[in-house]
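An overview of the molecular structure
Chain by chain, the residues:
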Amino acid sequence: MALAKIVYASMTGNTEEIADIVSNKLEELGHDVEVDECTTVDAADFEDADIAIVATYTYGDGDLPDEIVDFYEDLQDVDLSGKIFGVIGSGDTFYDYFCKSVDEFEEQFGLTGATKGADSVKVDLAAEDEDIENLERFAEEIAAKF
Ligand SMILES: Cc1cc2nc3c(=O)[nH]c(=O)nc-3n(C[C@H](O)[C@H](O)[C@H](O)COP(=O)(O)O)c2cc1C
């Protein structure tokens, strides 16, 4: 059994909801999961987990949400060698840079030594049936690494 830590930023609830979908699936697969809002934790807290997941929306013009910037910057200094990471997020296809924060975090995780456990999942606004399937598959792929 692995410990998964999911850290999220969510202003209107869409990203929190997709974090919960992944959390529920991982728990169903027998793993322990902690879900925390990004301002309540430090990037170094991922060191205590086997699976590190970030869920984030995108704001401004393809920008990270203000409240997750410190977490994002600190992540590059954390050694997550031997751990599995994944990134999910909600955005809006109306914008030029759809879910850009998801890509930013995927790059940032690349600096930590962690291994990508599944392709990132990007959701247009609130998760619909197909998104839920993608998110559950994301969780299954990550869980299969243990
Ligand atoms: C002012 C503003 C700027 C936004 N900019 C982007 C953007 O650049 N790219 C994107 O994909 N979504 C953008 N969005 C859409 C949000 O990411 C989207 O509504 C998301 O579902 C919000 O997640 P949340 O419900 O977890 O807060 C923007 C939304 C607002 C209100």
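Check the entry above for the structure.
Since this is a predicted model, take the numbers as computed values, not measurements.

Notes on the overall build of the protein chain
When you go through the protein chain residue by residue, the secondary structure sums to 4 helices and 6 strands. Its helices and strands taken in sequence order, the protein chain reads β-α-β-β-α-β-α-β-β-α from the N to the C terminus. The globule rule puts the C-alpha radius of gyration for 146 residues at 15 Å, and the 14 Å found for the protein chain is close to it. Per-residue burial over the protein chain gives 48% buried out of 146 residues. Of the roughly 7,100 Å² that the protein chain leaves accessible, carbon and sulfur atoms contribute 40%.

Side note on the site of the ligand
Of all residues adjacent to the ligand, which total 20 residues, the nearest are S10, M11, T12, T15 and S90. With respect to the ligand, the backbone of T58 contributes an N or O atom lying 2.7 Å from an oxygen atom. Within the contact set of the ligand, an oxygen atom lies 2.8 Å away from a backbone nitrogen or oxygen of C99. In isolation the ligand has 650 Å² of accessible area, and contact with the protein removes 85% of it. Spatially, the ligand is embedded in the largest pocket. For the shell around the ligand, the elements supplying multiple residues, two or more each, are α1 (14–28) and β4 (84–91). Here the shell around the ligand is composed, by residue class, of 8 nonpolar, 10 polar and 2 charged.

A word on the side chain of Q108
Within the fold, Q108 resides in helix α3 (residues 100–110). Here Y72 takes part through its backbone oxygen, which lies 2.9 Å from a polar atom of the side chain of Q108. Non-local contacts of Q108, meaning those with residues more than four positions away in its chain, are made with Y72, E73, L75 and Q76.

About the thresholds
Residues numbered from 1 in each chain as written. Predicted model: local features only at pLDDT ≥ 70, side-chain atom pairs only at ≥ 80, totals over all residues. Heavy atoms only, no water. Helix = DSSP H or I, 4+ residues; strand = E, 2+ residues; numbered from the N terminus. Rg over C-alpha atoms; globule rule 2.2 N^0.38 Å. Buried < 20%, exposed > 50% of the residue type's maximum accessible area, 1.4 Å probe, protein only. Areas by Shrake-Rupley, 256 points an atom, 1.4 Å probe, with all protein chains shown as cover. Near = heavy atom within 4 Å. Polar contact = N/O pair within 3.5 Å; in protein donor to acceptor, adjacent residues only side chain to side chain. 1 Å grid on protein atoms, 1.4 Å probe; cavity = no way out; pocket = protein on both sides within 12 Å on 5 of 7 lines; lining within 4 Å. Sits in = over half its atoms within 2 Å of the grid points. Nonpolar A, V, L, I, M, F, W, Y, C, P; charged D, E, K, R; others polar. Contact = heavy atoms within 4.5 Å.

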